[in-house]
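# Survey of secondary and tertiary structure
The residues making up each chain are set out below.
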Amino acid sequence: MTNGLRNREVIVEFTPVGNIVRVTAMDTSSLTEIVISGPKTTPQATLKRNAVKRLEYVLRKKGLIS
């Protein structure tokens, strides 16, 4: 977990759709949700890291984390 999301609960879900994987990450405190997608061959850890980084970016932009 990145520094901005430490002490926050984040739910990450992977959904295969054809040749891609749709990754949803949600911050349970603010109910903010983001969705990214990537090739099915991408390691799950990489997809998760990218989704969490995107979620952190969105939360910072909204001013919900510092």
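My aim in this report is to walk through the structure given alongside it, one point at a time. (Residues numbered from 1 in each chain as written. Predicted model: local features only at pLDDT ≥ 70, side-chain atom pairs only at ≥ 80, totals over all residues. Heavy atoms only, no water.)

Here the focus is the overall build of the protein chain. For the protein chain, the count of helices and strands is one helix and three strands. Counting helices and strands in the order they occur from the N terminus, the protein chain gives β-β-β-α. For the protein chain, the C-alpha radius of gyration of 12 Å lies close to 11 Å, the compact-globule estimate for 66 residues. Scored against the burial criterion, the 66 residues of the protein chain give a buried share of 30%. For the protein chain, the accessible area works out to roughly 4,400 Å², and carbon and sulfur atoms hold 49% of it. Separation of charge centres in the protein chain, based on 11 positive and 5 negative side chains, amounts to 8 Å. (Helix = DSSP H or I, 4+ residues; strand = E, 2+ residues; numbered from the N terminus. Rg over C-alpha atoms; globule rule 2.2 N^0.38 Å. Buried < 20%, exposed > 50% of the residue type's maximum accessible area, 1.4 Å probe, protein only. Areas by Shrake-Rupley, 256 points an atom, 1.4 Å probe, with all protein chains shown as cover. Lys, Arg positive; Asp, Glu negative; His and termini not counted. Charge placed at Lys NZ, Arg CZ, Asp CG, Glu CD.)

We now examine the nonpolar core. Core analysis: the biggest nonpolar cluster contains 14 residues, and Leu5, Val23, Ala25, Ile34, Ala51 and Leu55 have the highest contact counts within it. When residues of this core are traced back to their parent elements, those giving at least two are β2 (20–27), β3 (32–39) and α1 (44–61). Of all the elements, α1 adds the most residues to this core, at six residues. (Core = buried A, V, L, I, M, F, W, Y, C linked by side-chain atoms within 4.5 Å.)

With that out of the way, let us pick up the side chain of Thr24. Among the secondary structure elements, Thr24 is positioned in strand β2. With a relative accessible area of 9%, Thr24 lands in the buried category. Setting aside chain neighbours within four positions, we find Thr24 in contact with Ile11, Val12, Glu13, Glu33, Ile34 and Val35. (Contact = heavy atoms within 4.5 Å.)

Spatially, β1-β2-β3 is the arrangement adopted by the three strands of the open sheet, whose pairing is antiparallel. Edge positions in the sheet fall to β1 (10–17) and β3, since each of these pairs with one other strand and no more. In this sheet, neighbouring strand axes are inclined to one another by 20° on average, regardless of whether the strands run parallel or antiparallel. In this sheet, β3 lies alongside β2 in antiparallel orientation, the contact comprising eight bridges. (Pairing = 2+ DSSP bridges. Axes fitted to C-alpha atoms, helices over the stretch in contact; angles between N-to-C directions.)

Any functional reading would require information beyond the geometric quantities listed.
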